[in-house]
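Per-entry structural report
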Number of protein chains: 2
Amino acid sequence: MLETAARLIREQGYEAASVQDIAAACGLTKAGLYYYIRSKEDLLLEIMSYGMDIFEERVLLPVLAIADPVERLKACMERNIHLVTEERSKEVTIILHEHETLIGAARQQINARKKRYVHFLEASFEEAMREGRIRRVEPRVAAFSFLGMVLWIYKWFRQDGKIPADRLAAEMQDLFFGGLEIAPAPARRGKPAGRARRARKAPGAKAGRPVPVPLPGAASRARRGMPAKLAGRGVAP
Amino acid sequence: MLETAARLIREQGYEAASVQDIAAACGLTKAGLYYYIRSKEDLLLEIMSYGMDIFEERVLLPVLAIADPVERLKACMERNIHLVTEERSKEVTIILHEHETLIGAARQQINARKKRYVHFLEASFEEAMREGRIRRVEPRVAAFSFLGMVLWIYKWFRQDGKIPADRLAAEMQDLFFGGLEIAPAPARRGKPAGRARRARKAPGAKAGRPVPVPLPGAASRARRGMPAKLAGRGVAP
């Protein structure tokens, strides 16, 4: 039901899509739809929460355990690009586009999850600088530049365009990190750049342990197997 | 009137803002507003055309004459960042956000102007590669990465945030071009990177002449002093 509603909202826009239309598309009466949701805004919150679940499961959680911060960021970029280029990721497009539609507590709830992603990126850039893996950047600008490159894709990417998603991901990784990574020291010449350094143990990093990244809500929810969209909220599934 | 309407549409969203509300905000009756516009969609087209005029006048036209492609792209990035970080650039935000709201001929008209910007960026990246000024990139991915970084700003930038627009522009230029520009040859060591090369004459470039960039409509309109939003359209100002 959330996916059908998401498709309609993405096609028509949130304001233009009526509750009547959404109900009909879901094969429900308007009253039937209101059995599941309290309001149209509640439906948007449900869709966005579902989109954030998908994002966290497919992009964020799988990369948290990567110890090297640059490899972690690169993997994150690749996964996020694949998510936004997929035709079926309608919920994700809605999180991106309707960023100012929600108000009050619902908006805070979604924004808190988005902010965790920004903080994860900032922390990873800071760590990469501390470990001498990238040149100095302002972590916040780096984080939002990363996000801008990756998330803007939903505005221009076409499935039938000349650049497939795989190539896009490789090109963007090279464009962003190719200029950030610090070249190996002169003594190391002969080894390929980047790869040579990657094997080096980061100063202060504990061997074999993933770097702790502050994402308590999503990570602990995932460990407990609890769907975030329903956790702590009194809404019928 | 366009600026007042733009403010309302940006605050409420295009679908949510009624023609009644827009007319009232402009100090007009609904009938009075319809004297100036044929429909709500026509109003959106007017606002977007006006936004594209502002963009072309403040970002694109001033940089077309810069002969060095990397300097041209850097200046373009700086100008575009200043435009999107300004509180008063409401029309520009609407071009960015309501990218799928217009339909038919109106949509094609705005999209053609947006595409000229993409093509300008692609052509400049291609030129920079030909002249050995930057390492090899896929021009389309570079153009949309540039756009993503710069245009995503409207989603997160706050006037009262910790990063002022000037610093943001400098950091993004460094982040994007710092890793793209080719370091000076070893014989040149001692001179600062980048600057040393910038003075070099580009192979094949004609001295003192700006590089021709395909932007016929906007450029020739600007030379003739004709406001693009009214050119060839039968709408009362």
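Quick look at the structure, then. Just so it is clear, the structure is predicted and the values come from calculations on it, not from any experiment.

Overall, the coordinates contain 18 aromatic pairs over all chains when judged by the stated rule. Relative to F144 of chain B, the ring of W156 of chain A lies with its centre 4.0 Å away and its plane at 5°, an arrangement referred to as stacked. Taken as a pair, W156 of chain A in helix α9 (residues 153-156) and F144 of chain B in helix α8 (residues 139-151) lie in two separate chains rather than in one. Seen in terms of ring centroids, F176 of chain B and F177 of chain B are 5.0 Å apart; in terms of plane orientation they differ by 65°. Their pairing is edge-to-face. In this structure, F176 of chain B and F177 of chain B share a single accessibility class: buried. Each member of the aromatic cluster is reached from another via a ring pair, and the members are F125, F146, F176 and F177 of chain A. Above the plane of the ring of Y14 of chain B lies K40 of chain B, whose end atom (NZ or CZ) is 4.7 Å from the centre.

With that settled, the discussion passes to the relation of the copies chain A and chain B. In the superposition of chain A on chain B (RMSD 0.0 Å, axial shift 0.0 Å), the rotation amounts to 180°. What the rotation and shift describe, once combined, is the action of a two-fold rotation axis. Taking the C-alpha atom as reference, chain A places G179 of chain A closest to the rotation axis, 1.5 Å from it.

Membership of the largest hydrophobic core comes to 145 residues, with the highest contact counts inside it found for F146 of chain A together with F146 of chain B. Look past the residues within four positions of F146 of chain B in its chain and what remains in contact with it is L73, C76, M77, Y117, L121, F125, F176 and F177 of chain B.

Let's shift gears to the interface of chain A and chain B. Contacts between the two partners involve 36 residues from chain A and, on the opposite side, 36 residues from chain B. The tally of links between chain A and chain B comes to four salt bridges. Notably, a salt bridge pairs R167 of chain B with E138 of chain A, separated by 2.8 Å at the nearest N-O pair. The interface formed by chain A and chain B holds six residue pairs in polar contact (both at pLDDT 80 or more) in total. Where the side of chain A that touches chain B is concerned, the elements lending two or more residues are α6 (90-97), α8 (139-151), α9 and α10 (165-177) of chain A. Residue contributions to the side of chain A that touches chain B peak at nine residues, all from α8 of chain A.

A few words on the packing of helix α5 (residues 69-85) of chain B against helix α10 (residues 165-177) of chain B. Residues and elements named next belong to chain B. Their axes nearest at 9 Å, the elements α5 and α10 cross at an angle of 145°. Judged by the twist between their axes, the crossing of α5 over α10 is right-handed. The residues of α10 that touch α5, namely those facing V70, L73, K74, A75, M77, E78, I81, H82 and T85, are A165, D166, L168, A169, M172, Q173, F176 and F177. Tallied by class, residues from the contact of α5 with α10 come to 11 nonpolar, three polar and three charged.

All names here are of chain A. Here A23 lies in helix α2 (residues 19-25). The spatial distance from the C-alpha of A23 to the C-alpha of L33 is 5.7 Å, given a sequence separation of 10 residues. Discounting residues that sit within four places of it in the chain, A23 has contacts with L28, T29, K30 and L33.

All names here are of chain A. In a regular helix each residue adds 1.5 Å, so 13 residues correspond to 18 Å; α8 covers 18 Å between its end C-alpha atoms and thus fits that length. Most of α8 sits out of view: 12 of its 13 residues are buried. Of the residues that open α8, the one with a side-chain oxygen 3.1 Å from the backbone nitrogen of R140 is E138.

Bringing the pattern of salt bridges into the picture now. For the structure on display, the rule yields 24 salt bridges over all chains. With a shortest N-O distance of 2.9 Å, R133 of chain A and D68 of chain A are connected by a salt bridge. With R133 of chain A in the loop between α7 (104-130) and α8 and D68 of chain A in the loop between α4 (40-64) and α5 (69-85), the pair connects residues that are 65 residues apart, well separated along the chain. For the pair shown, R133 of chain A and D68 of chain A are each scored as buried. Among the salt bridges present, the one from R135 of chain A reaches D174 of chain B, with a minimum N-O distance of 3.0 Å. One end of the pair, R135 of chain A, is in the loop between α7 and α8; the other, D174 of chain B, is in helix α10, on a second chain. Overall, D174 of chain B belongs to the partly exposed group, its relative accessible area being 35%. A network of salt bridges, in which partner residues are shared, links D53, E56, R113 and R116 of chain A.

Cut-offs and rules
Residues numbered from 1 in each chain as written. Chains lettered and ligands numbered in written order. Predicted model: local features only at pLDDT ≥ 70, side-chain atom pairs only at ≥ 80, totals over all residues. Heavy atoms only, no water. Phe/Tyr/Trp six-rings, centres within 6.5 Å; stacked < 30°, edge-to-face > 60°. Helix = DSSP H or I, 4+ residues; strand = E, 2+ residues; numbered from the N terminus. Buried < 20%, exposed > 50% of the residue type's maximum accessible area, 1.4 Å probe, protein only. Lys NZ or Arg CZ within 6 Å of the ring centre and 35° of its normal. Least-squares fit on C-alpha atoms with pLDDT ≥ 70 in both. Core = buried A, V, L, I, M, F, W, Y, C linked by side-chain atoms within 4.5 Å. Contact = heavy atoms within 4.5 Å. Salt bridge = Lys/Arg side-chain N within 4 Å of Asp/Glu carboxyl O. Polar contact = N/O pair within 3.5 Å; in protein donor to acceptor, adjacent residues only side chain to side chain. Axes fitted to C-alpha atoms, helices over the stretch in contact; angles between N-to-C directions. Left-handed = near helix turned anticlockwise from the far one by under 90°. Nonpolar A, V, L, I, M, F, W, Y, C, P; charged D, E, K, R; others polar. Expected span 1.5 Å × (residues − 1).

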